[in-house]
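# Structure assessment
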Amino acid sequence: MELKELEYIVAVAEEGSISRAAERLYLAQSSLSQYLSRYEAELGVKLFRRTAGGVRTTAAGDLFLRNARQMLLQYHQVRKQLTDLDAPMEGKIHFGISTYRGSYLFPKAMHLFRKEAPTVDVVLHEHDSVVLQRKIAAGELDLALVAYREDQWEQQGKLLMKDEVLLVANREHPVMEYVREGNGGPDRPWVELSEISHMDFLLSSRSAMLGNIAQQMFADLGVEPHYVCGTQTAAMSAALARRGLGIAFTYRSCIEESRDVIYLSIGKRRCYVNLALIYPQEGYRSRAIRAFESAMCRVLATEVF
């Protein structure tokens, strides 16, 4: 069995359909179907069960798939290491970041990185931190910048900073009546969430990290917040809040300063998430990956948080 054939089986399993896998692999459906039949005959087991809706892996298929993915991962890691030997930086980096945070940080990092590695292709994957963590765990990305609240990534990444969760509002909004001034140093003006929980909030989906944090804060208060709307992205929520249409949650790393806008800490103790670059557990960090990591660190170091 050749390496490309392992990739065929993985594609069929991921797509759940021979026809969709064939499209993804740029193969004729009949050719892929014949390949699959030959593999199964060669192995002496059925890897997939055909259904009306497509294909599903059998128990043998699940076992084969786990090993196939591991073999492909090891092969690609070896290729990266060989490419790195006494050669100029080249190749491709699969980098993940949320669209919201990425719109502020990624262009600056790419500007720095392009000066050092002009021929390296950075493939951007825009997902919420929760999705990015799953993709890193599955080995689908080379690195990702994620926010998280627990310590599960401490051994598998590089903690860059504590990113504060803030509220954003227009300075003409009634929330200004509840604002308290900071205590000097880096402290911003702050509010008690319990005192403003009756106001209109712009909340993003609970499936996203920021939306989940916001909903948990209200749950801890025993309050059901009043939504202006609750299906938009965090970026859209912040944009609407800056125009005075409610109060939104945001991150300090995503601040867009304006004289008409105020960013507020939540309570005296404030709220933070960890912001870190994380990597697959068995991933090889090439020179290009390390250079991109350095560019991202330099961007964060020069931002005023």
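Below you will find a few notes about this structure. Note that the coordinates shown come from a computational prediction; the quantities given were computed from them, not determined experimentally.

### A closer look at empty space enclosed by the protein
In total, this model carries 1 cavity of 30 Å³ or more according to the counting rule given. Computed from the structure, the largest cavity encloses a volume of approximately 50 Å³. Forming the boundary of the largest cavity are Leu 202, Leu 203, Ser 204, Leu 210, Gly 211, Ala 214, Ala 234, Ser 237 and Phe 249. When contributions to the lining of the largest cavity are tallied by element, the ones reaching two or more residues are helix H8 (209-221) and helix H9 (234-242). If one sorts the elements of the lining of the largest cavity by residue count, H8 sits on top with 3 residues. The residue inventory of the lining of the largest cavity, partitioned by class, reads 6 nonpolar, 3 polar and no charged.

### Points about the packing of helix H1 (residues 3-15) against helix H3 (residues 29-43)
At a closest axis distance of 11 Å, the pairing of H1 and H3 adopts a crossing angle of 105 degrees. The angle between H1 and H3 places the two elements in the roughly perpendicular class. Contact residues: Lys 4, Glu 5, Tyr 8, Ile 9 and Val 12 in H1; Leu 32, Tyr 35, Arg 38 and Tyr 39 in H3. Its residues placed into classes, the contact of H1 with H3 shows 6 nonpolar, no polar and 3 charged.

### As for the pattern of salt bridges
Evaluated as defined, the whole model comprises 16 salt bridges. In this structure, the salt-bridge partner of Asp 163 is Arg 101, at a minimum N-O distance of 3.2 Å. Highlighted residues: Asp 163 in strand S6 (residues 157-170) and Arg 101 in helix H5 (residues 99-116), separated in sequence by 62 residues. Classification of Asp 163 as buried rests on a relative accessible area of 0%. A relative accessible area of 2% places Arg 101 in the buried class. With a closest N to O distance of 2.6 Å, Arg 252 and Glu 164 form a salt bridge. Taken as a pair, Arg 252 in the loop between strand S10 (247-251) and strand S11 (261-266) and Glu 164 in strand S6 lie far apart in primary sequence, 88 residues in all. The buried category is assigned to Glu 164, whose relative accessible area is 1%. When salt bridges that share partners are traced, they join Glu 14, Glu 15, Arg 20, Arg 24 and Arg 69 into one network.

### Side note on the layout of surface pockets
To find leftover empty space, a probe the size of one water molecule is rolled over the atoms. Taken as a whole, the second largest pocket spans an internal volume of roughly 360 Å³. Taken together, 21 residues form the lining of the second largest pocket, with Tyr 100, Asp 128, Ala 208, Thr 233 and Ala 234 sitting closest to its centre. If you list the elements that add at least two residues to the lining of the second largest pocket, you get H5, H8 and H9. Counting residues per element, the lining of the second largest pocket draws most heavily on H5, which supplies 4 residues.

### Digging into unusual backbone geometry
Of note in this structure, Tyr 26 is not a glycine but carries a positive phi near 60 degrees. On the secondary structure map, Tyr 26 appears in the loop between helix H2 (18-25) and H3. In this model, Arg 270 sits at a positive phi of 65 degrees, which is unusual for a non-glycine residue. Topologically, Arg 270 is positioned in the loop between S11 and strand S12 (271-278). For Arg 270, a relative accessible area of 22% puts it in the partly exposed group.

Definitions and cut-offs
- Per chain, residues are indexed from 1 in the order of the written sequence.
- Reporting in this predicted model follows two pLDDT cut-offs: at least 70 for local features of residues, and 80 or more for side-chain atom pairs to be given and counted; totals over whole chains, interfaces and linings ignore these cut-offs and use all residues.
- Computation of side-chain values: all heavy atoms of the structure, hydrogens and water removed.
- Cavity means a closed set of points on a 1 Å grid over the protein atoms alone, one where a 1.4 Å probe fits but cannot get out, pocket means an open set with protein on both sides within 12 Å along at least 5 of 7 lines, and lining means a residue has an atom within 4 Å of a point.
- Grid points are joined across faces, edges and corners, and a volume is the space filled by probe spheres set on the points.
- A helix here means a DSSP run of H or I that spans at least four residues, while a strand means a run of E at least two residues long, and both kinds are numbered starting from the N terminus.
- All amino acids are sorted into three groups, where Ala, Val, Leu, Ile, Met, Phe, Trp, Tyr, Cys and Pro are nonpolar, Asp, Glu, Lys and Arg are charged, and the leftover types, Gly among them, are polar.
- Every angle, taken between N-to-C directions, lies between 0 and 180 degrees, and every axis is a line fitted to C-alpha atoms, over only the stretch in contact when it is a helix.
- Roughly parallel means an angle under 35 degrees; roughly antiparallel, over 145; roughly perpendicular, 65 to 115; everything else is oblique.
- Contact criterion: two residues are considered in contact whenever any of their non-hydrogen atoms come within 4.5 Å of each other.
- The salt bridge definition used is simple: a Lys or Arg side-chain nitrogen within 4 Å of an Asp or Glu carboxyl oxygen.
- Burial classification: accessible surface area is computed with a 1.4 Å probe over protein chains only, and a residue below 20% of its type maximum counts as buried, one above 50% as exposed, and the rest as partly exposed.

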